[in-house]
Amino acid sequence: MRAMVMNAAGEPLAATERATPTAGPDQILIRVHACGVCRTDLHLLDGELTQPSLPIVPGHEIVGRVSAKGARVDRFDIGDRVGVPWLGYTCGRCEYCRSGRENLCREARFTGYQIDGGYAEYTLADQRYCFPIHGAYTDAEAAPLLCAGLIGYRSLRMAGDAERLGIYGFGAAAHIVAQVAVFEGRRVYAFTRDGDDDAQAFARELGAAWSGASGELPPHALDAAIIFAPVGELVPLALQATAAGGTVVCAGIHMSDIPSFAYHLLWQERTLRSVANLTRRDAEQFLELAPRVPVRTAVETYPLARANEALARLRDGHVRGAAVLTMENA
Ligand SMILES: [Zn+2]
Ligand SMILES: [Zn+2]
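Sequence order sets the numbering: in each chain, residues are counted from 1 along the sequence as written. Lettering of chains starts at A and numbering of ligands starts at 1, both following the order in which they are written. Thresholds applied to this predicted model are a pLDDT of at least 70 for local features of residues and 80 or more for the giving and counting of side-chain atom pairs; totals over whole chains, interfaces and linings are not thresholded and use all residues. Just so you know, side-chain values use all the structure's heavy atoms and leave hydrogens and water out.

The subject of this paragraph is the environment of Ala221. Looking at where Ala221 falls in the secondary structure, it is placed in the loop between β12 (210-213) and β13 (222-227). Only protein chains enter the calculation, and the probe is 1.4 Å; a residue is then buried if its accessible area is under 20% of its type maximum, exposed if over 50%, and partly exposed in between. Among the residues examined, Ala221 registers a relative accessible area of 41% and is labelled partly exposed. Spatially, the C-alpha atoms of Ala221 and Leu13 are 43 Å apart, while their sequence positions differ by 208 residues. Discounting residues that sit within four places of it in the chain, Ala221 has contacts with Arg164, Ala241 and Ala243. Put simply, DSSP H or I for four residues or longer makes a helix, DSSP E for two residues or longer makes a strand, and each gets a number counted from the N terminus. By definition, residues are in contact when any of their heavy atoms lie within 4.5 Å.

Our focus in this paragraph is the coordination of the zinc ion (ligand 2). Ligating atoms shown are N, O and S within 2.8 Å of the metal, or 3.2 Å for Na, K and Ca, and water is not included, meaning a site may look less than complete. Distances from the zinc ion (ligand 2) to its protein donors, namely Cys38 (SG), His60 (NE2) and Cys147 (SG), fall within the range 2.0 to 2.2 Å. Residue Cys147 is classed as buried on the basis of its relative accessible area of 7%.

To continue, consider unusual backbone geometry. The amide bond that connects Leu54 to the next residue, Pro55, takes the cis arrangement and shows omega of -10 degrees. Among the secondary structure elements, Pro55 is positioned in the loop between α1 (39-45) and β4 (62-69). Residue Val293 is joined to Pro294 through a cis peptide bond whose omega torsion reads -15 degrees. The phi dihedral of Gln268 is positive, around 70 degrees, even though this residue is not glycine. The residue Gln268 is located in the loop between β14 (242-250) and β15 (271-274) in this model. For Asn277, which is not a glycine, the phi torsion comes out positive at approximately 60 degrees. Along the chain, the position of Asn277 falls in the loop between β15 and α7 (280-289). On the basis of relative accessible area, Asn277 is assigned to the buried category, the value being 14%.

A general feature of soluble globular proteins is that nonpolar side chains tend to end up buried together. Counting residues in each nonpolar core, the largest one holds 100 residues, and the members touching the most others are Tyr119, Leu145, Ile167, Phe170, Ile226 and Phe286. The next biggest cluster of nonpolar side chains, apart from the first, holds 17 residues, and it includes Phe191, Ala229, Leu234 and Ala241. Here, nonpolar core refers to any group of buried Ala, Val, Leu, Ile, Met, Phe, Trp, Tyr and Cys residues whose side-chain atoms link them within 4.5 Å.

Quick look at the sheet that holds β13 now. Only strands joined by at least two bridges in the DSSP assignment are considered to pair. In spatial order, the strands read β12-β11-β10-β13-β14-β15; together these 6 strands make up an open sheet with parallel pairing. Two strands lie at the open edges of the sheet, namely β12 and β15, each paired on one side alone. For this sheet, the mean inter-axis angle between neighbouring strands, taken without regard to orientation, is 20 degrees. Inspection of the sheet shows strand β11 (residues 187-192) paired to β12 by 4 bridges, in the parallel sense. The axes used here are C-alpha line fits, helices contributing only the stretch in contact, and every angle between their N-to-C directions lies in the interval 0 to 180 degrees.

Here the focus is the side chain of His175. Tracing the sequence through the fold places His175 in helix α4 (residues 172-183). Reaching out from His175, the side chain makes a polar contact with the backbone oxygen of Ala172 at a distance of 2.7 Å. Among the polar contacts listed, one links the side chain of His175 to the backbone nitrogen of Ala298, at a separation of 2.9 Å. With residues up to four places along the chain from it excluded, the contact list for His175 reads Phe170, Phe202, Leu206, Arg296, Thr297, Ala298, Gly321 and Ala322. Two N or O atoms form a polar contact when they lie within 3.5 Å of each other; inside protein one atom must be a possible hydrogen donor and the other a possible acceptor, and for residues adjacent in sequence the pair counts only when both atoms belong to side chains.

Our focus in this paragraph is the side chain of Thr297. Inspection of the secondary structure puts Thr297 in the loop between α7 and β16 (299-303). At 2.7 Å, the side chain of Thr297 forms a polar contact with the backbone oxygen of Glu141. Ignoring sequence-local partners within four residues, the contact set of Thr297 consists of Glu141, Pro144, Leu145, His175 and Ile176.

This part is about the packing of helix α3 (residues 148-158) against α7. The geometry of α3 relative to α7 is characterised by a closest axis approach of 9 Å and an angle of 105 degrees between their N-to-C directions. Looking at the two axes, α3 sits roughly perpendicular to α7. Here Gly149, Leu150, Tyr153 and Arg154 of α3 lie close against α7, whose contacting residues are Asp282, Ala283, Gln285, Phe286 and Leu289. Working rule for angles: under 35 degrees goes down as roughly parallel, over 145 as roughly antiparallel, 65 to 115 as roughly perpendicular, anything else as oblique.

So, about helix α5 (residues 197-205). Since the α-helix turns once every 3.6 residues, residues separated by three or four places project in the same direction. All of the buried residues in α5 are Ala199, Gln200, Phe202 and Ala203. For α5, the buried positions fall inside an angular range of 160 degrees around the axis, keeping them on one side. Turned more than 90 degrees away from the buried face of α5 sit Asp197, Asp198 and Glu205, all of them exposed. Buried residues along α5 sit in contact with α4, β11 and β12. Taken from the residues just after α5, Gly207 is the one with a positive phi, measuring 105 degrees. In this context, the arc is that of the directions from the helix axis out to the C-beta atoms.

See below:
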C-alpha cells in the first residue's frame, strides 16, 4: 500500500510503499477513503508533540470501509463504513478511565501519533475506538467531524451554557462548532487574524452574529470563548473580551507561550482551562448530533500524494473549512 510517512520532525512526509498490515484479534483493517488534515499534524511534524512512535503514518480523521477483521471483532462487519478519531487506545483501569475521563488516561495512545493513521491506503484500528458514519455525509465531508468536530464539541461543552460565545481562529474546528452553537441558540462572535476578510465572511455565512480581528473587542462581552488558534497571545485577549464569571477554553494540543497578564483579567471568577483529547462518549454524542443540526463541512480535497501541499496550505491559513486527503482508488 502507499502511505505518507513521517520519519523525523522537521522533514516533509515521505511517499512510501509499505506492506498492507494484518488485523489483530480486536482490530479492523480499513480501506481508507478519506482522511482529514488537522492542525495537530503540523504540531507533530514540527516536533512540538514530543512522543511520536517514529516512523509514523499521521492522520486521525479517518473514514473508510472495513476490509478485514480480527477474530474478536463484533461491532463491525466487512464493508461497513467507519470513522477513526484521535483516541486510539486507553487502559480501562486507571483512575481517569474509571471516572469517565478516558481522554486523560495515563496509558492512552493516539491515532497518527503512536498508532499509524490515515495518510495511507489502509490502516488498522481497534474496533472499540471506531464509530459508524452517518449516511448524510460523503467520505470527505465526514472526515473533519472526527477531530475538528469532536474536539470542537468537547470544547463547546466545556464552555458551559454561554449564550455569547467567542471563537478565536476560524479554521476546521470553528466552522463546525459555530454551526452547533447557532443550532443551540447561542450567538457566535468569530475572531480571525487581522485582515482575514475571507474567514470573517465565512464565519458570518455560517451564522456568526459578528466577526472581526482577534485584537478587537466584540460589541458585547462574551460569556465564554474557545481558542482554536495555537497562539498564546490570544489568551489575555480572550479574557479581556469575556464577562465576569466567563470561561476561556484553550482547545488546541499545543500553543505558543502565554504572555504574562494582569490579574484583573482573570479576577471576577473568570475561568481559564484547556481541553485534552476526547472520550468515546464525546464521539457518540457528537456524531449523533451532527446530522441533526445538520452540520455541513466545507472541505478542500487533495490526493494522498499531495499531503505535504495540503499541510502547507493549512499552515499558511489558506484552507476554507477543512483540508482532506482522498484516495483515488477508493
Ligand atoms: Zn486509563
Ligand atoms: Zn486533530
